[in-house]
Every structure is written in C-alpha cells, then in structure tokens.
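Fold and contact review
Here is how the chains run, residue by residue.
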Amino acid sequence: MTVTILATVIVLIFLGIMYLVTLVFYNNKKNRMIKEKLTMQTQFQQTLLQTQLEIQEQTFKNISQEIHDNIGQVLSLVKLNINTMELDKPEPLQEKIDNSRTLITKAIQDLRDLSKSLNTDYVIELGLMRSIEYELEMIQRTVNCEIAFTANGKAYRLERQQELILFRIVQEVLHNIIKHSKATAINVTAVFEPETFTLTIADNGIGFDAGKIEDHNYEGFGLGIRNMHNRAKMINADYKLTSTLQKGTTVTITLPLIKNIQP
Ligand SMILES: Nc1ncnc2c1ncn2[C@@H]1O[C@H](COP(=O)(O)OP(=O)(O)OP(=O)(O)O)[C@@H](O)[C@H]1O
Ligand SMILES: [Mg+2]
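Computed from a prediction, not measured in an experiment: that's the story for all the values here. Position numbers for residues count from 1 along each chain, tracking the sequence in the order it is written. For naming, the first written chain is A and the first written ligand is 1, with later ones following in the order written. Reporting in this predicted model follows two pLDDT cut-offs: at least 70 for local features of residues, and 80 or more for side-chain atom pairs to be given and counted; totals over whole chains, interfaces and linings ignore these cut-offs and use all residues. Side-chain descriptors were evaluated using all non-hydrogen atoms of the structure, hydrogens and water having been removed beforehand.

**Some points on the coordination of the magnesium ion (ligand 2)**
In plain terms, the rule: Counted as coordinating are nitrogen, oxygen and sulfur atoms within 2.8 Å of the metal, or 3.2 Å for Na, K and Ca, while water is not included, which may make sites look incomplete. Under the scheme used here, helices are H or I runs from DSSP no shorter than 4 residues and strands are E runs no shorter than 2 residues, and both carry numbers assigned from the N terminus. Each residue gets one of three labels from its accessible area relative to the maximum for its type: buried under 20%, exposed over 50%, partly exposed in between, using a 1.4 Å probe on protein chains only.
E172 (OE) and N176 (OD1) make up the full set of protein donors to the magnesium ion (ligand 2), lying at 2.1 to 2.2 Å. With a gap of four residues between them, E172 and N176 both fall in helix α5 (residues 160-181), about one helical turn apart. Here N176 falls in the buried class, since its relative accessible area comes to 16%.

**Thoughts on the layout of surface pockets**
Cut-off, in case you're wondering: In this analysis, the protein atoms alone were mapped onto a 1 Å grid. Cavities are point sets where a 1.4 Å probe fits without being able to get out; pockets are open sets with protein on both sides within 12 Å along at least five of seven lines; lining residues have an atom within 4 Å of a point. Grid points are joined across faces, edges and corners, and a volume is the space filled by probe spheres set on the points. Any residue outside Ala, Val, Leu, Ile, Met, Phe, Trp, Tyr, Cys, Pro, Asp, Glu, Lys and Arg is labelled polar, Gly included; the first ten of those are nonpolar and the last four are charged.
As a volume, the largest pocket reaches approximately 520 Å³. As for the largest pocket, its lining consists of 29 residues, of which E172, H175, N176, H180 and I225 are closest to the centre. When contributions to the lining of the largest pocket are tallied by element, the ones reaching two or more residues are α1 (2-83), α5, β3 (196-203), α7 (224-234), β4 (238-244) and β5 (248-256). Here the element with the most residues in the lining of the largest pocket is α5; it accounts for nine residues. When the residues that make up the lining of the largest pocket are grouped by side-chain class, the tally is twelve nonpolar, ten polar and seven charged. Approximately 270 Å³ is the volume found for the second largest pocket. Around the second largest pocket, the lining comprises 17 residues; the ones closest to its centre are N62, Q65, I139, T142 and I178. Ranked by the residues each element gives to the lining of the second largest pocket, the list is headed by α1, at seven residues.

**Side note on the sheet that holds strand β1 (residues 146-152)**
Picture the strands of a sheet paired through backbone hydrogen bonds; they go either parallel or antiparallel. Inclusion rule: By definition, two strands form a pair when at least two bridges between them are found by DSSP. The axes used here are C-alpha line fits, helices contributing only the stretch in contact, and every angle between their N-to-C directions lies in the interval 0 to 180 degrees.
If you walk across this open sheet you meet the five strands as β1-β2-β3-β5-β4, and the pairing is mixed. Across the chains shown, the open sheet's two edge strands, defined by having one partner strand only, are β1 and β4. This sheet shows a mean twist of 10 degrees between the axes of neighbouring strands, independent of strand direction. With eight bridges joining them, β3 and β5 adopt antiparallel strand pairing. Bridging from a neighbouring strand, T196 pairs with P256 of β5.

**Looking at the pairing of β5**
Relative to β5, β4 runs antiparallel, the two sharing seven bridges. Pairing of T242 across the sheet is with T250, part of β5. Between β4 and β5, which pair antiparallel and follow one another directly, the connecting turn spans three residues, one of which, Q246, has a positive phi of 65 degrees.

Set out below in structure tokens:
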C-alpha cells in the first residue's frame, strides 16, 4: 500500500516536472520566434528605407544630368531663336516663334516631371509603370540606344513595398546595362496576369559569364546583382538572370500576387 502511494507520488512529481520542463521549453521557443519575427521586421524596414535612399540617390544623379543636358539645352535653343528673330522677315519669324513655343512646352513638361520625381514618394505617386517609363525616357536622352517598353494584360497597382523594391531592381538592371553592356537595344516588358506580375529587361550587349551567379557565388562582382537577388527574395519574387556572350543579358522578375510581403 505504502509502496503504491509512494510510486504514485513519484510518478505525479515526475509528470509535474515534465510538464514544467515542456512549458519552459515551449515558452522559450515562442519567445525566440517572436524575437526572430521582430528582427526580420526590422531588417525588412531597414532594407525598404535603404531602397528608398538608393532610388533617391540615383534619381538625383539623373535629375542633375537632365537639367544640364536637356532642359538647359532646350532653353538655350529658345534663347537663340529669340536672339536671331528679325521682325521684318515674317516667315522665318513665325517659324521661330512656333519652334520656341514647342520647346518651351517641352521644357515645362520636363520640369513638371522633374519636380514630381523630387518628391520622396514619387514611385508610389506615379506608380511603377510610369516611373519605369520616366527612367527610360531619361536614359533615352543620354545614351544612343533603341529602347522599347511594352505592357501586356490589364494593368494593376502592386503593394507599395513591392513597387519600391521592383523599381529599385529595374534601376540597377538599367544602370548595369548602361555601365557594362555596350548594348544598342533595351527591351522592357511588363506582363500583368491575374496571379503573377512579370518584368523582363533584356539588352543585346556583350553579355558576361553569369554561371557563378547561378551558384550564388558573387566573388569578384559588385553589390548590384547580389542586392537585387536579396531584395527580390524579400517580396517573394523570383529573380532570374541569363547572359550569353556577345548576345546580351536578360533579367526576369516574377512576382506571385498572393499576400506575400515578408515577414
Ligand atoms: N547587362 C550587363 N551586360 C554585361 N555585363 C553585365 C551586365 N550586368 C552585369 N554585368 C556584369 O556583372 C558584373 C556584376 O554586376 P553588379 O551590378 O553586381 O556589380 P557592378 O555593376 O560591377 O558594381 P555595383 O553594382 O556594385 O556598382 C558587372 O561588373 C559586369 O561585369
Ligand atoms: Mg551594378
């Protein structure tokens, strides 16, 4: 009898200890998970902020070039027109007035676009498509290259973070094309499907050995491609780069459209 009671007490104590150990273990695990989630959230916010800063930095560079090369040139032409106007020759005078009017309209439009892009949230305000279009227009003015931008399917807006990150990726891909590819043509395609959004940016330049990148070995490379990869991952997008020597490079980003923002 005493033995049975003793055995029961021992078993109960043992079960109690087991229960406590499990509870402590479970609580620790839960706390660890909450901590990890918070760290991921902070990292996500930091990367978003960094992305925004990089977009701004690149945009300021573009704007400074745009003011110098484009708006400055247009206004100089208008000044030249005015300086060479001769009131007693009505025909060339009319032509110069018309020409100046067109140039001034263009300068006003460009200034409007520029002032929009000085707004920190311009990607959010203009939307991804218009922002890409604007970026391509800027590039078109500085490089001698055939640029095409096509959109297929019924367009929709993506989430704020997705648009920001995608835009930054596009900026870096285009930057790489200008810096490294010697391309004579750039093709950007956006495909809007109900379940996926796909962006393809292709150039016909010199290409490079992208084999290492497929193995996630970025040794000897800059930060650009590595960052693009990591950022695509953050929004659950698939980033694929293929390159053929002397043929060109293609980057494809596929974004599934479920509620997919991490974490
Ligand atoms: N479109 C392209 N055409 C040809 N080569 C390319 C192209 N894109 C990338 N590369 C090659 O891949 C390398 C890695 O690109 P990545 O963007 O990672 O670095 P980077 O442009 O050299 O430097 P960073 O981006 O840090 O300023 C480049 O140095 C270049 O040799
Ligand atoms: Mg780069």
